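Here is how the chains run, residue by residue.
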Amino acid sequence: MVKCNDKMKRFIILLIILTLSSYFLLFIKNLPLNYYIMHTIFFSFKQSILSTTISIIVSILLARALFRQNNIFGYKIIINLLSIPIVLPTIVSVFSIIAIYGNQGLVNQFSKQIQINIYGLNGILIAHCFLNIPLATRILLQHFKEIPIENWYLAKQLSLKPLYIFKFIEWPLLKQKLPPIISLIFLLCFTSFTVILILGNSPKTNTIQVAIYQLIHFEYNIVNAIILIIFQLILGLLFFFILPSSHITSINKISQDFFKNFCTINKLSHFFDVLIIVICLIFILTPIICTIYSGINTFVFKSLLCDIKFWYAVKNSLIISISTGTITVLTSVSILLVTRVNLDKQLAWFQKVENFSFIVLLIPPITFSGIYFILFWQYQIPNIITIIIINILMTMPFVLKILSPSIYMLTKKYYLLYKSLDIKKWTKWKLIYWPNIKSNIILSWSISASLSLRDLGAVCFFGGQSTITIPALMYQKLNSYNIEEVPVIALILTLFSLSFFYLTYRKKTQ
Amino acid sequence: MRLFVYVYINLILLSFSNLNCQNENHLNVYVHQYSALNKNNNIKKQFEKLNNCTLNCMSFDSSAALLSRIFLEGSKTKADIIIGIDANHIAKLKKINSFLDHNIKNVNLPITWKDKKFIPYSYAYLSFIFNKKLIDKYPKSMDELVNNNNYKIIIPDPRTSTLGLNFTLWIKKIYKDQSSHVWKKLKPKILTFTKGWGEAYGMFMKEEAPIVLSHSTSPAFHTYKKQNNFFSVNFPEGHYLQIRTAAILKSSANYELAYKFLDFITSKEYQKYIPHTNWIYPVIKLSNTPPSGFPTIEPKPLYFSSEYIHKNSPAIIHEWLNVMIK
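On a predicted model such as this, the values are computed, not experimentally measured, just so you know.

### A word on a nonpolar patch on the surface
All names here are of chain A. On the surface, Leu-375, Phe-376, Tyr-379, Ile-381, Ile-385, Ile-389 and Leu-393 cluster together to form a nonpolar patch covering roughly 610 Å² of accessible area. Residue assignment for the nonpolar patch shows that the elements contributing at least two residues are α19 (365-376) and α20 (383-421). No other element matches the three residues that α20 contributes to the nonpolar patch. As for its placement among the helices and strands, Ile-389 is situated in helix α20.

### Describing the confidence of the model for chain A
Low pLDDT marks stretches whose predicted atomic positions should not be read closely. Overall, the prediction assigns chain A a mean pLDDT of 78, with 82% of residues at 70 or greater. Ranking the elements of chain A by mean pLDDT puts helix α13 (residues 258-262) of chain A last, at 58, and helix α7 (residues 121-144) of chain A first, at 88.

### Describing the pairing of strand β7 (residues 211-215) of chain B
All names here are of chain B. Most of β7 is tucked away: five of the five residues are buried. Relative to β7, strand β4 (residues 119-131) is paired through five bridges, and the arrangement is antiparallel. By the bridge assignment for β7, Leu-126 is matched with His-215. Of the pairings in the sheet, the one linking strand β5 (residues 153-156) to β7 comprises two bridges and is parallel in character. Across the sheet, the residue bridging to Ile-153 is Ile-211, located in β7.

### Some words on the interface of chain A and chain B
A common way to report how large an interface is uses the accessible area buried once the components associate. In this complex, chain A contributes 57 residues to the contact, which on the side of chain B involves 61 residues. Of the roughly 5,700 Å² buried at the junction of chain A and chain B (both faces included), carbon and sulfur atoms supply 64%. It is Phe-218, Tyr-220 and Tyr-481 of chain A in chain A that bury the most area against chain B; as a group they hold 17% of the surface buried on that side. Across the contact surface, chain A and chain B share one residue pair in polar contact (both at pLDDT 80 or more). Those elements giving two or more residues to the side of chain A that touches chain B turn out to be α2 (34-68), α5 (90-101), α10 (194-199), α11 (208-217), α16 (308-340), α19, α22 (457-462) and α23 (470-479) of chain A. The element best represented in the side of chain A that touches chain B is α16 of chain A, accounting for seven residues.

### Looking at the packing of aromatic side chains
All names here are of chain B. Under the criterion given, the structure shown has 38 aromatic pairs over all chains. For the pair Tyr-123 and Tyr-281, a centre-to-centre distance of 5.2 Å together with 15 degrees between the ring planes defines the contact as stacked. Of this pair, Tyr-123 sits in strand β4 while Tyr-281 sits in strand β10 (residues 281-282), placing them 158 residues apart in sequence. With respect to class, Tyr-123 is no different from Tyr-281; both count as buried. By the ring-pair criterion, three or more aromatic residues cluster together here, those being Phe-128, Phe-167, Trp-170, Trp-183 and Phe-235.

### Examining the side chain of Ser-450 of chain A
In this fold, Ser-450 of chain A is placed in helix α21 (residues 425-453). Ignoring anything within four residues of it in the chain, the contact list for Ser-450 of chain A reads Val-87, Ser-497, Phe-500 and Phe-501 of chain A.

### What about unusual backbone geometry?
Trans peptide bonds make up most of the peptide bonds, and negative phi angles are found at most residues other than glycine. One non-glycine residue, Asn-52 of chain B, lies in positive phi territory at about 55 degrees. Tracing the sequence through the fold places Asn-52 of chain B in the loop between α3 (41-51) and β2 (54-60).

### Overview of the pattern of salt bridges
Residue and element names in this part refer to chain A. One pass over the structure, following the stated rule, counts 10 salt bridges over all chains. Notably, a salt bridge pairs Arg-64 with Glu-170, separated by 2.6 Å at the nearest N-O pair. Linking Arg-64 in helix α2 with Glu-170 in helix α9 (residues 162-190), this pair joins segments that are 106 residues apart in sequence. Taking relative accessible area as the criterion, Arg-64 reaches 14% and is therefore assigned buried. Between Asp-273 and Arg-68 there is a salt bridge, with the nearest N and O atoms lying 3.1 Å from each other. Linking Asp-273 in helix α14 (residues 267-295) with Arg-68 in helix α2, this pair joins segments that are 205 residues apart in sequence.

Reading guide: rules and limits
- Residues numbered from 1 in each chain as written.
- Chains lettered and ligands numbered in written order.
- Predicted model: local features only at pLDDT ≥ 70, side-chain atom pairs only at ≥ 80, totals over all residues.
- Heavy atoms only, no water.
- Patch = residues over 30% accessible without salt bridge, like charges linked within 9 Å, V, L, I, M, F, W, Y side chains within 5 Å.
- Areas by Shrake-Rupley, 256 points an atom, 1.4 Å probe, with all protein chains shown as cover.
- Salt bridge = Lys/Arg side-chain N within 4 Å of Asp/Glu carboxyl O.
- Helix = DSSP H or I, 4+ residues; strand = E, 2+ residues; numbered from the N terminus.
- pLDDT = per-residue confidence, 0-100.
- Buried < 20%, exposed > 50% of the residue type's maximum accessible area, 1.4 Å probe, protein only.
- Pairing = 2+ DSSP bridges.
- Contact = heavy atoms within 4.5 Å.
- Buried area = accessible area lost by both parts, 1.4 Å probe.
- Polar contact = N/O pair within 3.5 Å; in protein donor to acceptor, adjacent residues only side chain to side chain.
- Phe/Tyr/Trp six-rings, centres within 6.5 Å; stacked < 30°, edge-to-face > 60°.

Here it is as structure tokens:
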């Protein structure tokens, strides 16, 4: 818990560092306009803060509703459906959002009075909410399960009203768990690139990321680009120092039947919960259904199956995603086994070091690939291996974030036991960690594989004819006049990502 | 689980089987992915058979990506030939790398081609494409588009797309000093600036806006697909010319083969594929009538020299940025 004057101190440090880093920007020479750069930075912050606020508020409500209504029809399916926006390529999501909310979209066609103009800040907010609410909800839902059962018993005993339940039971948990989630979503919104480029309608709605991309790829002004990247890094690092890191408290998991047996929720709360779930489902599912619907085109599908380039793309995508998933999981598990398994060597700063891996999020794949290329081009590493390495670095933060709490909790629970029995390393892994972590490892594998499957940045840079992947093929079709094939390829990509997730669903129910 | 491991190993082995046994005689070609060489495998095989060599083609998704790759690789580049460089970037490229003089004499361009090192192999006019379903009164000249038009336009961003950059040059060529006023007038009419031509055209096909910036020959593709509600109009002020060029790098290892390749690109065997694969004009006269579906009259060409663009394009873009930011 952060005390009041501590918060003030952190806030003042934040302001000082911000002003100092803006002086740093003055080193940029030949920038078009200082006004332009200031405006870009201001807009980056504005859209990230707005998107983060809306996403977090909605996901708190949704996670709470899902947590309490865990016995509604199709609960497991809903949870899995929430994962779909995370694995779709951004360009597919943006196009499907345009198809629904755009000028010729469903919404504008049905309601003639309310015309939504999606191009501009509104569209960016809608797209960011669509992409981030599922992620935040999934993380928060897992955290809700860490509320000690005793608190719920007490609430039942004292017959607490819902408002007081929130104030005394749920809010303390949220206060601890929210800061990392807020920083993650803020960074995702801050560095989002495709969304801003397509839905932002002018340089007025440009962010730092667009400016960096433009400097590297179009003006070849590597110096200025690096200065902007460093600025973005400093901003990101601030978050890790300013926001307090979360502490892992409880190791009890609430059972699914708990609410059915022990907690009665009054009818009004029940109604609002279901309403929120339905609204969010409609918001998230309609673009996905739109993607699927526009992708069903058997004629194009047949012509795709005859195209050998398509099969090369499928082969390459599968190799890249499976390799990335496996190697990322193996590396992360090895790292965590070294750092998290010994309680006496626990250092408080390690939590922060783990969060550092999220710095990778600050440099999206396109920029990262560019820098990687400049540094390592002479060594002639084959393209596929380069793409795999970049994807591993991109997905490692997520995998670490999923596996680390579980491994830490298990260590806390069993440390004294296996120290006293003097259990050696391999048996420790086989008996204690593996059975409990299995589902989490498979989940993180599937997330890593799906994220690398949908990646467009690294492939754009290092791909060529021989290392074409499915998203690159889709992009190629978009840029030549084969626009009808794009929805079909998008659908195929979605199906591949979903099949990776199906692996986890099946394992969990076994 | 085991099945999974077997599948994985098989896929890896499959990937290694993809490696070609390289012929002694080979050319490394950096090509724009949009070009016919990349889209049609037969052309590549035809050249390889004719000259008993292998062509290693590396494709890039835009002229800018190709250029940035050459820039980043610098003098250690492995490319022998680059194809698909937009004529705007010639002066910039010449400063980075050195190229051989070509020996191609006759190309059929609307303007006289003076450069000795870069040879054009296709060209197109920038133009606006209109959707008949969504628009009833269409502008017949650039002045009308700027002043009287109420419909939204989709344009690629000049900073990330060559087409967008060419559009700013077009406005500059027509209006010279008044271009910032023109941008102010155009600003509310532009729906969005997209990253590249593909996204812009994709949105146009989804009927998000009735007007999009593309080439004057784009409706030919739609006529071919029997979609008859797209058309483009020739503006009397003229249309900007977008020229795609190719060149041989001085660091190439195989000059003879490279010259043969340049000859091949500007010959009938290659150029006959261009109209109906890329939907732009070839640089040799294939027949007396324009290719089927293409407009019968070519508009008036407008063009800046590449040295002028190299010197002034930062200023032109800053002017555009200045208006769009406020």
